[in-house]
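Okay, here's what each chain looks like letter by letter:
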Amino acid sequence: MMEGNKLWWSRRLMLPEMREKAVHTCSDCRYLVRIQGREEVRWGCMAGLPKYGMLERRVPPEIHALDILKMAGREGLQAVLACSHPDNPACGLFRPRI
C-alpha cells in the first residue's frame, strides 16, 4: 500500500516541498500584514511588491496604506488587498514567519 510512502499524504500523491505549502495558511506566512487605512484595517499580501517580495526590506507586521500607495500606486495597493483572507491556503510564495 502507499501508506508508508513519503509522497503519500491524506489520500493524495504530493511532493514533499508542496506538502508544506498545502498544510499552511496565509496567516502563517511572513508576507501577510495588517494594512492601516484612514478608517479601517485590512489584511494584505506583500509578496507582490518588489522590495518586500524579494526580501530586500524586512516585512513589517503592520503598514500604512499611504506607504503602499507611494511605493506601488493604486494598482499595487489593490493587488496587495486582493489576497487578503488569512484562512486561505498558502500560495507558491509562502515563507513561514520566524
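Each chain has its residues counted from 1, following the order in which its sequence is written. Where local features are concerned, this predicted model is filtered to residues with pLDDT of at least 70; where side-chain atom pairs are given and counted, the filter is 80 or more; whole-chain, interface and lining totals use all residues. In computing side-chain properties, one takes all heavy atoms of the structure into account and sets aside hydrogens as well as water.

Visitor: How should the overall build of the protein chain be read in this particular structure?
Guide: Comment: elements are numbered from the N terminus, with helices defined as DSSP H or I runs of at least four residues and strands as E runs of at least two. Scanning the protein chain from N- to C-terminus turns up three helices and five strands. Seen in sequence order, the protein chain has helices and strands lined up from the N terminus as β-β-α-β-β-α-β-α. Categorising residues by exposure relies on relative accessible area from a 1.4 Å probe, with only protein chains included: less than 20% of the type maximum marks a residue as buried, more than 50% marks it as exposed, and the intermediate range marks it as partly exposed. With 98 residues in all, the protein chain has 27% of them scored as buried. In what follows, residue pairs with any heavy atoms lying within 4.5 Å of each other are defined as contacts. Summarising the internal contacts of the protein chain: among those between residues at least 6 apart in sequence, 58% fall at separations of at least 24.

Visitor: Can you help me understand unusual backbone geometry in this one?
Guide: Keep in mind that most residues, glycine aside, have a negative phi and that most peptide bonds are trans. Positive phi is not limited to glycine here, since Leu 55 has a value of about 60 degrees. Following the sequence through the fold, Leu 55 ends up in the loop between helix H2 (50-53) and strand S5 (62-64). A residue is classified by how much of its surface remains accessible, and Leu 55, at 30% relative accessible area, is partly exposed.

Visitor: In this structure, what is going on with the sheet that holds strand S3 (residues 32-36)? I would like to understand it.
Guide: Two strands in a sheet stick together by hydrogen bonds in their backbones, pointing the same way (parallel) or opposite ways (antiparallel). With mixed pairing, the three strands of this open sheet are ordered in space as S4-S3-S5. Strand pairing shows two members of the sheet lacking a second neighbour, strand S4 (41-45) and S5, which therefore form its edges. Between one strand axis and the next, the sheet turns by 40 degrees as a mean value, whatever way the strands run. The sheet contact formed by S3 and S5 spans three bridges and is parallel. Bridge pairing links Ile 35 to Ile 63 in S5. To get an axis, a line is fitted to the C-alpha atoms, and for a helix only the part in contact is used. The angle between two axes follows their N-to-C directions and goes from 0 to 180 degrees. Across the sheet, helix H3 (residues 65-82) touches S3, S4 and S5, and the angle it forms with S5 is around 105 degrees. For two strands to be treated as a pair, DSSP must find at least two bridges joining them.

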